[in-house]
Amino acid sequence: MAKGGGLKRGGFSRSLSVSLAGLRAGGAFALDGALQRLRGGEGQALDSAFARREARRFVTELGRLKGSYVKIGQMMALLGEHFLPPALTEALHSLEASTEALPWTEIEPLLQAQLGPRLDELEVEHRALAAASIAQVHRATVRDSGEQIVLKVQYPGLAEVIDEDFDTVVRMLLLARWVQAGRELDEWLQDLREQLHSEVDYVREASMLERFGERVHEANASGQRSVRYRIPRLLPAYCSGQVLAMEYLAGYRAGRAEVARLSQARRNALGEAMLELFFLEVYQWGELQTDPNFGNYLIATGRGGDELVLLDFGSVLAPDDDFLLHLGNAISAGMARDREALTESLVGLGCLREDSSDVARDTFAEFCCQLLEPLEDPALLPPQYLNRRGEYRWGHSALLRRVGRQAAGSAATRHFSAPGGDFALIARKLTGVFTFIAVLGAEFNGHDLAHRYIDDWLARE
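Every chain's residues receive numbers from 1 upward, in the order its sequence appears when written. Only residues with pLDDT of 70 or above have their local features reported here, since the model is predicted, and side-chain atom pairs are shown and tallied only from 80 upward, although totals for entire chains, interfaces and linings are computed over all residues. The basis for every side-chain value is the complete set of non-hydrogen atoms in the structure, without hydrogens or water.

> Honestly, the nonpolar core in this entry has me stumped. Any pointers?
The tendency in soluble globular proteins is for nonpolar side chains to be buried side by side. We call a set of buried Ala, Val, Leu, Ile, Met, Phe, Trp, Tyr and Cys residues a nonpolar core when their side-chain atoms join them within 4.5 Å. Burial classification: accessible surface area is computed with a 1.4 Å probe over protein chains only, and a residue below 20% of its type maximum counts as buried, one above 50% as exposed, and the rest as partly exposed. M76, L92, L111, L151, L275 and F279 are the most contacted members of the largest nonpolar core, which has 136 residues in total. If one sorts the elements of this core by residue count, helix α10 (residues 264-285) sits on top with twelve residues. Contacts between residues were defined by any pair of non-hydrogen atoms, one from each residue, lying within 4.5 Å. Leaving out residues up to four positions away in the same chain, L151 has contacts with L111, L122, V124, Q136, V137, H138, A140, Y238, V243, L244 and A245. Helix numbering and strand numbering both begin at the N terminus, where a helix is a DSSP run of H or I of at least 4 residues and a strand a DSSP run of E of at least 2.

Below, the structure is given as structure tokens:
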């Protein structure tokens with residue numbers, strides 16, 4: 001978000017800017033492919049310095065237009081590796097750190113329109129506490145009580161241009177021949193569109209915030225873990241269609257030095273709590289927050305014990321029972337390295353076709369087994385990634401780098417079917433969980449914890 005400027009106004013100017021930038025880059029990709037073929041290559045990699053430069057030019061245009069274009073680009077970067085040229089996917093990832101807050105002069109009129117006289121009850125800090133692609137957060141004080149709260153403020157006019165902006169980007173992708181039209185692409189785009197609408201629906205997010213708050217209260221009451229979960233309390237009096245008000249909770253991001261200085265035992269417990277949260281969400285609650293951005297979590301430390309604070313519920317997935325059954329079977333089979341059962345579950349999840357070749361089945365099964373490495377039986381874990389007590393060293397395993405190389409091989413086979421939206425979101429969540437634990441430098445084995453939840457789920461089925 002550029003300093004001193006809001007969303008670029010005018011649907012025609014926004015669409016034209018993206019279309020022209022897209023067609024230019026698309027033409028560059030086509031030329032790059034042709035040159036590769038002339039040199040004897042296949043013309044499919046689209047990953048030369050020339051292509052990367054044009055991709056960056058297009059992404060710069062998305063960043064200049066701001067708002068939903070940035071969010072669309074971020075989502076495509078996370079979930080589009082099976083459909084988009086590598087150079088474009090790489091460039092889109094740069095949008096993840098490109099957001100700056102709008103000035104108070106643009107936020108104050110929106111708050112006045114949304115809250116009316118209620119705004120007078122608050123003393124709002126003009127400087128944003130944080131900023132993202134579709135909203136920014138301001139700390140405020142309730143004048144009568146002195147309570148510290150935060151206001152998550154959706155950018156002005158953003159909801160009204162989401163569909164138009166999304167359609168513009170899709171037209172650009174097709175016209176520039178960056179993607180090939182087809183059923184899988186249509187399904188992927190529809191998943192992205194629905195996800196985008198969910199993230200700007202603050203009524204839905206407020207409901208999710210309260211629902212997850214009740215769930216973590218019950219989970220904490222069980223008393224089975226040293227780390228407690230915490231979700232900020234919703235303040236309905238200061239909420240509206242474009243403003244979400246919550247209590248202010250202090251804490252540290254996972255990568256902060258204050259967290260790194262915690263004892264190994266405390267960091268292990270925080271890592272286990274994060275992993276257990278994933279299984280709680282999937283197998284007990286049937287809904288899970290799927291945005292792994294580190295900004296959505298805080299670690300609160302104090303005399304009462306450590307807390308894992310969950311902040312954002314704009315992206316929540318509710319898989320159906322059939323999907324959860326196949327997922328449970330896939331994780332269980334992957335942990336046991338049962339390739340036959342794993343490939344059967346992957347077909348059920350829509351990640352492999354019934355007629356997939358043996359090579360495709362073996363390649364994708366290996367990818368999944370590698371991703372699930374931290375959950376394997378400790379006796380099967382690679383010894384080079386274990387400490388002296390035989391515990392998995394998440395931060396030293398380079399797991400996601402190894403898995404990324406394997407994923408490229410899986411996607412390259414012609415019998416590989418691009419994962420459906422639910423699977424892609426859960427894979428995104430799981431990789432985010434593993435990254436969080438690795439950044440903590442935690443050392444523990446996830447096998448028993450995972451089996452406890454999966455075995456209970458399969459028994460119920």
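Text resumes after the structure shown.
> So what exactly am I meant to see when it comes to the pattern of salt bridges here?
Once the charged atoms of two side chains with opposite charge are near each other, the side chains can pair. What counts as a salt bridge is simple: a side-chain nitrogen of Lys or Arg found within 4 Å of a carboxyl oxygen of Asp or Glu. A full pass over the atoms with the stated rule returns 23 salt bridges. In this structure, E205 engages K152 in a salt bridge whose closest nitrogen and oxygen atoms are separated by 2.9 Å. Of this pair, E205 sits in helix α8 (residues 202-221) while K152 sits in strand β4 (residues 148-154), placing them 53 residues apart in sequence. A relative accessible area of 12% places K152 in the buried class. Because the salt bridges share partners, they merge into one network encompassing R337, R339, E366 and E376.

> Help me out: how do you make sense of the pairing of strand β8 (residues 297-300) in this one?
The side chains of a regular strand alternate between both faces of the sheet. Burial along β8 is two-sided: Y297 and I299 and L298 and A300, pointing in opposite directions, are all buried. If DSSP finds at least two bridges between two strands, the strands pair. Pairing of β8 with strand β9 (residues 307-310) involves four bridges; the strand directions are antiparallel. Paired with Y297 across the bridge in β9 is L310. Counting the residues in the hairpin turn of β8 and β9 gives six residues, including G305, whose phi is positive at 110°.

> What exactly am I supposed to notice about the sheet that holds strand β5 (residues 228-230) here?
Pairing between the strands of a sheet is mediated by backbone hydrogen bonds and can be parallel or antiparallel. In space, the three strands of this open sheet follow the order β5-β9-β8, with mixed pairing throughout. The open sheet has two edge strands, β5 and β8, and neither has a second partner. Going from strand to strand, the sheet's axes swing by 25° on average, the running direction of each strand aside. When β5 meets β9, the two strands line up parallel, connected through three bridges. From the neighbouring strand, Y229 faces β9, where its bridge partner is L308. Structural elements are reduced to axes, namely lines fitted to C-alpha atoms, with helices fitted over the stretch in contact, and the angle between N-to-C directions of any two is expressed from 0 to 180 degrees. Across the sheet, α10 is in contact with β5, β8 and β9; its angle to β5 comes to roughly 65°.

> Please explain the packing of aromatic side chains as it appears in this structure.
Between two aromatic rings, the relevant description is the distance of the centres plus the angle of the planes. Pairing of aromatic rings covers Phe, Tyr and the six-membered ring of Trp, with a centre-to-centre limit of 6.5 Å; geometry is then stacked below 30 degrees between planes, edge-to-face above 60, and tilted otherwise. In the structure shown here, the tally under the stated rule is eleven aromatic pairs. Summarising the aromatic geometry, the rings of Y283 and W457 are spaced 5.8 Å apart at their centres and angled 50° between planes, so their arrangement reads as tilted. Taken together, the positions of Y283 in helix α10 and W457 in helix α16 (residues 447-460) put the pair 174 residues apart, joining distant regions of the chain. With relative accessibility at 2%, the residue Y283 sits in the buried group. Overall, W457 belongs to the buried group, its relative accessible area being 5%. Each member of the aromatic cluster is reached from another via a ring pair, and the members are F278, F279, Y283, Y453 and W457. Put simply, a charge is over a ring when the Lys NZ or the Arg CZ is close to the ring centre, within 6 Å, and near the line of the ring normal, within 35 degrees. If you follow R139 out to its NZ or CZ, it ends over the ring of Y248, 4.7 Å from the centre. The ring of F212 is capped by R215, whose NZ or CZ atom sits 5.0 Å from the centre of that ring.

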